[in-house]
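Single-letter residue listing:
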Amino acid sequence: MAGRLVFRIGMSLEEIDREIAANVEAAVAAAGKGESFEVTRTISFENWTTFFRCMTPNRIAILEHVAAHEMVASTRALSLALGRDYSGVHADVAELVKLGLLERDGNALRCEIEPDAAELAAA
């Protein structure tokens, strides 16, 4: 199931906590009524510098490629498909997994978000 992705830049911890609480409350209320609700993955960055250090053009290309396929067999297969050096792709994949944007299934990689529909919100 693909979900919505929101990048937040410059939000305070208090603002993030309030947003999480509101989202959980809305999801619980919808579930209690038997209604469906949209899954939103929010990733918050302290500032623009941190955002651009984490979300490089190469990493965005990885997300787009993996999202366009149901699954990519391995990091090596991904590096070949992108025409990039394995070690660089491996480092980028590790960071994207750490951010929760890519998932590993053994050696295979999967992307459960829609990078083309990501939203960017700055405080």
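Below you will find a few notes about this structure. All figures in this text were calculated on a predicted structure; none of them were measured in a lab.

1. Notes on the overall build of the chain
Then, in step 1: Helix and strand counts for the chain come out as 5 helices and 5 strands.
Then, in step 2: The order of α-helices and β-strands along the chain, N terminus first, is β-α-β-α-α-α-α-β-β-β.
Then, in step 3: Sorting the 123 residues of the chain into buried and exposed places 30% on the buried side.
Then, in step 4: For the chain, long-range pairs separated by at least 24 residues make up 71% of all intrachain contacts whose partners lie at least 6 apart in sequence.
Then, in step 5: Taken as a whole, the chain presents about 7,500 Å² of accessible surface, with 53% of it coming from carbon and sulfur.

2. Here we look at helix α1 (residues 13-32)
Then, in step 1: Helix length check: α1 (20 residues) gives 28 Å between terminal C-alpha atoms against 28 Å at 1.5 Å per residue, within 8%.
Then, in step 2: After α1 finishes, the residue Gly34 shows a positive phi value of roughly 75°.

3. Some remarks on the sheet that holds strand β1 (residues 4-9)
Then, in step 1: The sheet built from 3 strands is open, its strands ordered β2-β1-β5 with parallel pairing. Each end of this open sheet is capped by a strand with a single partner; those strands are β2 (40-45) and β5 (119-122). The sheet shows a mean angle of 20° between the axes of neighbouring strands, taken without regard to direction.
Then, in step 2: Bridge count between β1 and β2: 6 bridges; the pairing is parallel. Counterpart to Phe7 in the pairing with β2 is Ile43.

4. Quick notes on the pairing of β1
Then, in step 1: Within β1, 5 of the 6 residues are buried, which leaves the element mostly enclosed by the surrounding structure.
Then, in step 2: Taken together, β1, α1 and β2 form a β-α-β motif whose crossover is right-handed.
Then, in step 3: Sheet topology places β1 next to β5; 4 bridges connect them, and they run parallel. Within the sheet, the bridge partner assigned to Ile9 lies in β5 and is Ala122.

5. Examining the pattern of salt bridges
Then, in step 1: Applying the stated criterion across every chain yields a total of 5 salt bridges.
Then, in step 2: Residues Arg8 and Glu19 are paired through a salt bridge, measuring 3.1 Å at the closest nitrogen-oxygen approach. Of this pair, Arg8 sits in strand β1 while Glu19 sits in helix α1, and the two are 11 residues apart along the sequence.
Then, in step 3: Linking Glu95 and Lys98 is a salt bridge whose minimum nitrogen-to-oxygen distance equals 3.5 Å. Taken as a pair, Glu95 and Lys98 lie in helix α5 (residues 86-99) at a separation of 3 residues, close to a single helical turn.

Here is what the cut-offs are and how they apply
Residues numbered from 1 in each chain as written. Predicted model: local features only at pLDDT ≥ 70, side-chain atom pairs only at ≥ 80, totals over all residues. Heavy atoms only, no water. Helix = DSSP H or I, 4+ residues; strand = E, 2+ residues; numbered from the N terminus. Buried < 20%, exposed > 50% of the residue type's maximum accessible area, 1.4 Å probe, protein only. Contact = heavy atoms within 4.5 Å. Areas by Shrake-Rupley, 256 points an atom, 1.4 Å probe, with all protein chains shown as cover. Expected span 1.5 Å × (residues − 1). Pairing = 2+ DSSP bridges. Axes fitted to C-alpha atoms, helices over the stretch in contact; angles between N-to-C directions. Right-handed = clockwise from strand over helix to strand, strands pointing away. Salt bridge = Lys/Arg side-chain N within 4 Å of Asp/Glu carboxyl O.

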